[in-house]
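Structure at a glance
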Amino acid sequence: MNNNEQYIGVFDSGIGGLTVVKSIVESMPDENIIYFGDTAHVPYGTRSREQITQYVLNDVKFLHKFSIKAVVIACNTADAIARETVEKKYSQIPVFGVVEPTSKKAALSTKSGKIGIIATNATVNSKAYEKTIHKYNEKTEVISLACPLLVPLVEEGRFHKGDKVIERVLNEYLTPLKEQGIDTLILGCTHYPLLYDIIKDIMGEGVDVISSSEAAAETLKNELSSRQLLKATKGSERKYFVSDNAEFFEKQALIFMGDALGGKVQHADV
């Protein structure tokens, strides 16, 4: 398998990373993809830095068993906490995250200079978004909010409009941000794009809601193109692995991605 035909390796703690896969498929439909969801340890956002780093290294080690041309950390928490560690250990493979492209997009698009971020506890505590946003726009006011209930609810399939539980939780989280007058909201967890429609309804037309998944896929495509690593042939192969309960994961994945899944979900011991 030549470099262009190799897989893009993508990982997350659970189903949320599929939002990145979906964005990759939409922009690069012929790319081969290996996805790993560490569902045995979801969510990462409530874990210690040391534990998150160990999980991430295990995830990349699993992906490295395949012929991969790039690694995508499709998890804001993992990216914020452990990206530098991954880059040092796997320096021969380009590593892409979600924090950098999303921060840049938000920093350059805000008009009021007030950006809101919703994310996991670990991502908020890392201050990775604030640091990266200020690199592109140092005058921006960044308001971060940890939303620990969202990932478990999404993992249970509660991400549809009309679900009273998720709508109530989101209203309680988002109302204070809305009242502070932000004009840009970063969905700082790859699970959150599944809630995009509900979030957009709550925030209203005056707030630009930025998906870290879409921003990550855009950057990945540009970088692979500049490195001449885009796949030139038609047709793709996609493989999905999880560390726990493949049947449940596949059921939820099909609800979200439908035919775009393009492959079966298998259990993997990591």
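Residues numbered from 1 in each chain as written. Predicted model: local features only at pLDDT ≥ 70, side-chain atom pairs only at ≥ 80, totals over all residues. Heavy atoms only, no water.

**Side note on the overall build of the protein chain**
The number of helices and strands found in the protein chain is eleven helices and ten strands. What you see for the protein chain is a C-alpha radius of gyration of 17 Å, in line with the 18 Å of a compact globule of 270 residues. Principal-axis analysis of the C-alpha atoms places the extent of the protein chain at approximately 55 × 40 × 35 Å. Here the protein chain, with 270 residues, has 57% of them falling under the buried criterion. A total of about 11,800 Å² of accessible surface is found on the protein chain, and carbon and sulfur atoms cover 46% of it. (Helix = DSSP H or I, 4+ residues; strand = E, 2+ residues; numbered from the N terminus. Rg over C-alpha atoms; globule rule 2.2 N^0.38 Å. Buried < 20%, exposed > 50% of the residue type's maximum accessible area, 1.4 Å probe, protein only. Areas by Shrake-Rupley, 256 points an atom, 1.4 Å probe, with all protein chains shown as cover.)

**Describing the side chain of Thr 110**
Within the secondary structure, Thr 110 is located in the loop between helix H4 (99-109) and strand S5 (114-119). When its relative accessible area of 12% is taken as the criterion, Thr 110 is described as buried. Of the polar contacts made by the side chain of Thr 110, one reaches the backbone nitrogen of Gly 113; its length is 3.0 Å. Only 2.7 Å separates the side chain of Thr 110 from the side chain of Asp 183, close enough to count as a polar contact. (Polar contact = N/O pair within 3.5 Å; in protein donor to acceptor, adjacent residues only side chain to side chain.)

**Details of helix H8 (residues 164-179)**
Counted at 1.5 Å a residue, the expected span for H8 with its 16 residues is 22 Å, and the 22 Å between its end C-alpha atoms agrees. What H8 keeps buried is the set Ile 166, Val 169, Leu 170, Tyr 173, Leu 174 and Leu 177. Tucked inside the fold, the buried residues of H8 contact S5, strand S6 (141-146), helix H7 (150-155), strand S7 (184-187) and helix H9 (196-203). Between a side-chain oxygen at the N-terminus of H8 and the backbone nitrogen of Val 165 the separation is 3.0 Å; the capping residue is Asp 163. Two residues or fewer past H8, Gly 181 is found with a positive phi of approximately 80°. (Expected span 1.5 Å × (residues − 1). Contact = heavy atoms within 4.5 Å.)

**Things to note about the pairing of strand S8 (residues 208-211)**
For S7 and S8, the ladder comprises four bridges, and the chain directions are parallel. Note that in S8 the partner of Leu 187 across the bridge is Ser 211. With H9 bridging S7 and its parallel neighbour S8, the resulting β-α-β unit is right-handed. (Pairing = 2+ DSSP bridges. Right-handed = clockwise from strand over helix to strand, strands pointing away.)

**A closer look at the sheet that holds S8**
The four strands lie next to each other as S6-S5-S7-S8, forming an open sheet whose pairing is parallel. Each having just a single partner strand, S6 and S8 make up the two edges of the open sheet. Between one strand axis and the next, the sheet turns by 20° as a mean value, whatever way the strands run. Along the sheet face, helix H6 (residues 128-136) touches S5, S6 and S7 and points at about 160° away from the line of S6. (Axes fitted to C-alpha atoms, helices over the stretch in contact; angles between N-to-C directions.)

**Brief notes about the sheet that holds strand S9 (residues 238-242)**
Taking strand neighbours across the sheet as the criterion, the six strands line up as S4-S3-S1-S2-S9-S10 in an open arrangement whose pairing is parallel. A strand with exactly one partner marks an edge of an open sheet, and here the two such strands are strand S4 (95-96) and strand S10 (265-267). Here five bridges tie strand S2 (residues 33-37) to S9, and the two strands are oriented parallel to one another. Within S9, the residue paired with Tyr 35 across the bridge is Tyr 240. Docked against the sheet, helix H10 (residues 212-226) engages strand S1 (7-12), strand S3 (68-73) and S4, running at close to 155° with respect to S3.

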